[in-house]
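Coordinate inspection notes
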Amino acid sequence: MGAQRIRLGARDGTAESTRRWADMRACRLKTSSMIERVTFDDDAGVLSVSFRQTGKYVYYGVPAAIFEAFCKATSAGAFFNDQIKGRFQCCRDPERRRLGQTLD
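These notes cover the structure that comes with them.

Now for the overall build of the protein. The number of helices and strands found in the protein is three helices and six strands. Of the regular secondary structure in the protein, the N- to C-terminal order runs β-α-β-β-β-β-α-α-β. If you take every contact in the protein between residues at least 6 apart in sequence, the share linking residues at least 24 apart comes to 38%. Here the protein has roughly 6,900 Å² of accessible surface; of this, 48% comes from carbon and sulfur atoms.

Shown next, in the form of structure tokens:
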């Protein structure tokens, strides 16, 4: 399955988010029981991985070749564990809204 180029903007409406539009590539992993979708920002080297059970995580400093191989992997979960997990700086998606969270 190949990557698809998409255009994304941030959702929070801040000046920074409305200013920053990024060309990103995305790949939906329909056959994976662990990972639903991955997106990649070529300019920033940022990979977002949307897990089916635990939500989205963001990985920094990821080469484009890793994203491309991820989209073509026969097992997305095995590829993630071997090539991404523990190798790149990671954080839970900072835009994720938690139940009961108040907005300032």
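A few words now on the packing of aromatic side chains. To describe a pair of aromatic rings, you give the distance between the ring centres and the angle between the ring planes. In total, this model carries five aromatic pairs according to the counting rule given. Measuring from centroid to centroid gives 5.1 Å for Phe 51 and Phe 80, while their planes differ by 80 degrees, and the two rings are edge-to-face. Taken together, the positions of Phe 51 in strand β4 (residues 46-51) and Phe 80 in helix α3 (residues 76-83) put the pair 29 residues apart, joining distant regions of the chain. By relative accessible area, Phe 80 is classed as buried at 4%. Arranged with centres 5.2 Å apart and planes meeting at 25 degrees, the rings of Phe 70 and Phe 79 form a pair that is stacked. Residue Phe 70 shares its accessibility class with Phe 79, and that shared class is buried. Counting every residue linked through ring pairs, the aromatic cluster contains Phe 51, Tyr 57, Tyr 59 and Phe 80.

Quick look at α3 now. All of the buried residues along α3 are Ala 76, Gly 77, Phe 79 and Phe 80. When α3 is viewed along its axis, its buried side chains cluster within an angular range of 165 degrees and face the same direction. Against the buried residues of α3 lie β3 (35-41), β4, β5 (55-60) and α2 (64-72).

Attention now moves to the environment of Leu 29. Relative to the assigned elements, Leu 29 resides in the loop between β2 (21-28) and β3. Classification of Leu 29 as buried rests on a relative accessible area of 8%. Considered as a pair, Leu 29 and Phe 70 are 41 residues apart in the sequence and their alpha carbons are 9.5 Å apart. When residues no more than four places from it in sequence are discounted, the contact partners of Leu 29 are Ile 35, Glu 36, Arg 37, Val 38, Arg 52, Phe 70, Cys 71 and Ala 76.

What counts and what doesn't
Residues numbered from 1 in each chain as written. Predicted model: local features only at pLDDT ≥ 70, side-chain atom pairs only at ≥ 80, totals over all residues. Heavy atoms only, no water. Helix = DSSP H or I, 4+ residues; strand = E, 2+ residues; numbered from the N terminus. Contact = heavy atoms within 4.5 Å. Areas by Shrake-Rupley, 256 points an atom, 1.4 Å probe, with all protein chains shown as cover. Phe/Tyr/Trp six-rings, centres within 6.5 Å; stacked < 30°, edge-to-face > 60°. Buried < 20%, exposed > 50% of the residue type's maximum accessible area, 1.4 Å probe, protein only. Arc of directions from axis to C-beta.

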